[in-house]
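# A structural walkthrough
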Amino acid sequence: VATMLAIVWLVGMTNTMNLLDGLDGLSGGVAAIAAIIMFFLSVGPKVHQPETALISLVLAGSCLGYLIYNFYPAKIFNGDSGAYFLGMTIGILAIFSGAKLATAMLVLGLPIVDTIWAVVRRLASGRSPFSPDRGHIHHLLLDSGLSQRQAVLVIYAFSIVFGGIALVASSSQKLWAFIVLVLTLSAMIIVLTRLRSRRARLAAENSSL
């Protein structure tokens, strides 16, 4: 059972980071935040894994150095292989300890919820879960009027806030924090989807006049 759960987690994290890679600097920045949070958790007394902390720090430094050239307007890009590498590495770091697994779910709560929503949305419309669309949270933020930089910074903020909560919260508190995150993101998706539909309807009405 543990082996199967590990496979599901790693495959899920790998694809989650790839689906997140829709805006310049998004996946690299979120991966850097996750790695920094895992570093602080790994050097803390509850986990105390110096080797894991070192790998997390190396990953964070690599992402931050890369982010200089990947933030909007990007000069270089992840590609699928880069996003897969980030997702797999973070998934492996998280699985070394149950505490870090819960932390990763909070730090990466937004892309995890976004991935689940993408699969449900596409299957409900009779399409393949791997087919592209503009229903991701970062697309909804763009369509609401935010710039690329602003949309990326909003998602950074979610990762930082809930990652910080994960550092100081107990196991039960992390569960409640994740529930709050899911409810908040669900409400945000509903509001942004309705806002986009309203903007599209008004644009269609104006074009017909």
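Conventions and cut-offs
Residue numbers run consecutively from 1 along every chain, following the written order of its sequence. Reporting of local features is limited, given that this is a predicted model, to residues whose pLDDT is at least 70; pairs of side-chain atoms are given and counted only at 80 or more, and all residues count toward the totals for whole chains, interfaces and linings. As a convention, hydrogens and water are excluded, and side-chain values are obtained from all of the structure's heavy atoms. Per the convention used, a helix needs a DSSP run of H or I reaching at least four residues, while a strand needs a run of E reaching at least two, with both numbered from the N terminus. Here the term buried applies to any residue with accessible area under 20% of the maximum for its type, exposed to any over 50%, and partly exposed to those in between, with areas from a 1.4 Å probe on protein chains only. Pairs of N or O atoms are called polar contacts if they sit within 3.5 Å, as long as, within protein, a hydrogen donor faces a hydrogen acceptor (for residues adjacent in sequence, only side-chain-to-side-chain pairs). Note on contacts: a residue pair is in contact if any heavy atoms of the two residues lie within 4.5 Å. The pairing test for Phe, Tyr and Trp rings, Trp by its six-membered ring, is centres within 6.5 Å, and the orientation test on the planes gives stacked under 30 degrees, edge-to-face over 60, and tilted for anything in between.

### Let's talk about the environment of E51
With respect to the secondary-structure elements, E51 resides in helix α3 (residues 50-70). Under the relative-accessibility criterion, E51 is labelled exposed at 58%. C-alpha separation for the pair E51 and G109, spaced 58 residues apart in sequence, amounts to 25 Å.

### Description of the side chain of H136
One can find H136 in the loop between α6 (109-124) and α7 (137-143). Here D114 takes part through its side chain, which lies 2.9 Å from a polar atom of the side chain of H136. If we skip the residues at most four places from it in the chain, H136 touches L19, D114, A118, R121 and R122.

### With respect to the packing of aromatic side chains
Two measures describe an aromatic ring pair: the distance that separates the ring centres and the angle between the ring planes. Applying the stated criterion across every chain, the model contains three aromatic pairs. Seen in terms of ring centroids, F71 and Y156 are 6.5 Å apart; in terms of plane orientation they differ by 40°. Their pairing is tilted. On the criterion of sequence distance, the pair formed by F71 in the loop between α3 and α4 (79-95) and Y156 in helix α8 (residues 148-168) is long-range, its members being 85 residues apart. The buried category is assigned to Y156, whose relative accessible area is 11%.

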